[in-house]
Structure formats: structure tokens, C-alpha cells
Amino acid sequence: MIGRLHHTILDCPDPHAVARFYSALLGLPITYQDDDFAVVAVSDRTSGLAFQRAPENPASTWPDPAVPQQIHFDVMVDDREAAGAAVLALGARKLAGEGVYADPAGHPFCLIPLPGWADPVCAEIG
């Protein structure tokens with residue numbers, strides 16, 4: 001092993017807004033933030049998702065290839081319909097395709113049915 005993953009970092013115009021979105025979606029705290037950066041992780045000693053201010057970062061136009069999706073997350077959910085309503089309430093928007101949404105900065109993500117090998121998410125949605 002040469003190294004260990006620290007954070008997956010997404011560029012966005014408003015890192016605090018996107019961090020709040022993923023904090024609520026994943027049930028994880030915001031463990032760090034400054035004026036231009038925010039981190040969502042299990043704790044301040046674990047790797048997580050980070051969001052870096054990039055004012056001119058264009059939102060993906062997926063599925064139109066004009067601005068590719070660049071990166072996306074698959075988020076396992078117990079009930080895709082209930083989870084879809086919950087992420088819309090958090091500020092996501094629905095994109096073309098089953099279970100496909102964009103976060104407040106326009107990054108696509110997919111809500112996927114819980115695979116048979118995974119433990120239930122058991123999140124209360126509402």
C-alpha cells in the first residue's frame with residue numbers, strides 16, 4: 001500500500017449547502033468547515049466526503065453530455081420512493097432515469113434499492 005484515501009472532494013459553488021445536503025442524506029455530521037471547504041464524515045478522524053468552493057464550477061447536464069456527470073454516488077436505500085421524496089425535500093432535483101437525482105450543486109447521484117447482501121438502512125424518512 002502506498003497511501004490511504006483521505007476524502008473524496010467535490011467542487012461546488014457553495015460547500016456549506018452541499019455539505020448540509022449530504023449530512024442529512026447520509027445521516028453523518030459535518031466534521032469540518034471553513035469559508036471554502038466542508039467535510040461530512042463519521043467523525044473528524046475518518047475519511048469522508050468533502051466539498052470545495054469552486055464558484056465557476058458548471059453543474060452537470062446529465063444525461064446531456066454537454067457537461068458530463070464527472071462523478072456520481074450510488075446511495076443504498078430501503079425504500080426508493082420514500083427516499084426520493086426525502087431528497088427532494090432536502091433540495092435535490094429529479095433527473096431523467098429511475099432513482100436519479102442531482103444534489104443542490106448539480107452533482108448527479110442515484111438512489112439504489114438495497115442489495116441483498118446489505119444490512120437495512122433503517123432510516124426514518126419524513
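In this text the structure is predicted, and so the values were computed from the model without any measurement.

> So, the overall build of the protein: which residues are in play, and what are the values?
A tally of regular secondary structure across the protein gives two helices and eight strands. Taken from the N to the C terminus, the helices and strands of the protein come in the order β-α-β-β-β-β-α-β-β-β. Considered along the principal axes of its C-alpha atoms, the protein spans approximately 35 × 35 × 35 Å. Scored against the burial criterion, the 126 residues of the protein give a buried share of 36%. Sequence-distant contacts in the protein: of pairs separated by 6 or more residues, those separated by 24 or more amount to 56%. Put simply, the protein has 7 plus and 16 minus side-chain charges, and the middle of one group is 3 Å from the middle of the other.

> Any chance you could break down the environment of serine 43 for me, citing the residues and the numbers?
When you line up the elements, serine 43 lands in the loop between strand 3 (37-41) and strand 4 (48-53). Using a relative accessible area of 26% as the deciding quantity, one classes serine 43 as partly exposed. Distance from serine 43 to threonine 31, taken between C-alpha atoms, is 6.2 Å for residues twelve residues apart in sequence.

> Just give me the short version of the UniProt feature "domain: Glyoxalase-like" (unreviewed entry) in the protein, but keep the residues and values in it.
Within this structure's numbering, the places UniProt gives as "domain: Glyoxalase-like" (unreviewed entry) are residues 8-112. With 22% helix and 34% strand, the stretch residues 8-112 has end C-alpha atoms that lie 20 Å from each other.

> Before we move on, could you go through the environment of alanine 102 and cite the residues and values that matter?
The residue alanine 102 is located in strand 7 (residues 100-102) in this model. Given the relative accessible area of 0%, alanine 102 is considered buried.

> Can you lay out the sheet that holds strand 6 (residues 93-94) for me, pointing to particular residues and giving the numbers?
Through backbone hydrogen bonds, the strands of a sheet pair up, either in parallel or in antiparallel fashion. Here we have four strands laid out as an open sheet, ordered 5-8-7-6, and mixed in their pairing. Edge positions in the sheet fall to strand 5 (73-77) and strand 6, since each of these pairs with one other strand and no more. The sheet contact formed by strand 5 and strand 8 (residues 108-113) spans five bridges and is parallel. Considered in strand 8, the bridge of valine 77 is made with proline 113. Seen against the sheet, helix 2 (residues 80-90) touches strand 5, strand 6, strand 7 and strand 8 and runs at an angle of roughly 155° to strand 8.

Rules and cut-offs
Residues numbered from 1 in each chain as written. Predicted model: local features only at pLDDT ≥ 70, side-chain atom pairs only at ≥ 80, totals over all residues. Heavy atoms only, no water. Helix = DSSP H or I, 4+ residues; strand = E, 2+ residues; numbered from the N terminus. Buried < 20%, exposed > 50% of the residue type's maximum accessible area, 1.4 Å probe, protein only. Contact = heavy atoms within 4.5 Å. Lys, Arg positive; Asp, Glu negative; His and termini not counted. Charge placed at Lys NZ, Arg CZ, Asp CG, Glu CD. UniProt positions renumbered as here; feature names shortened; annotations may be inferred. Pairing = 2+ DSSP bridges. Axes fitted to C-alpha atoms, helices over the stretch in contact; angles between N-to-C directions.

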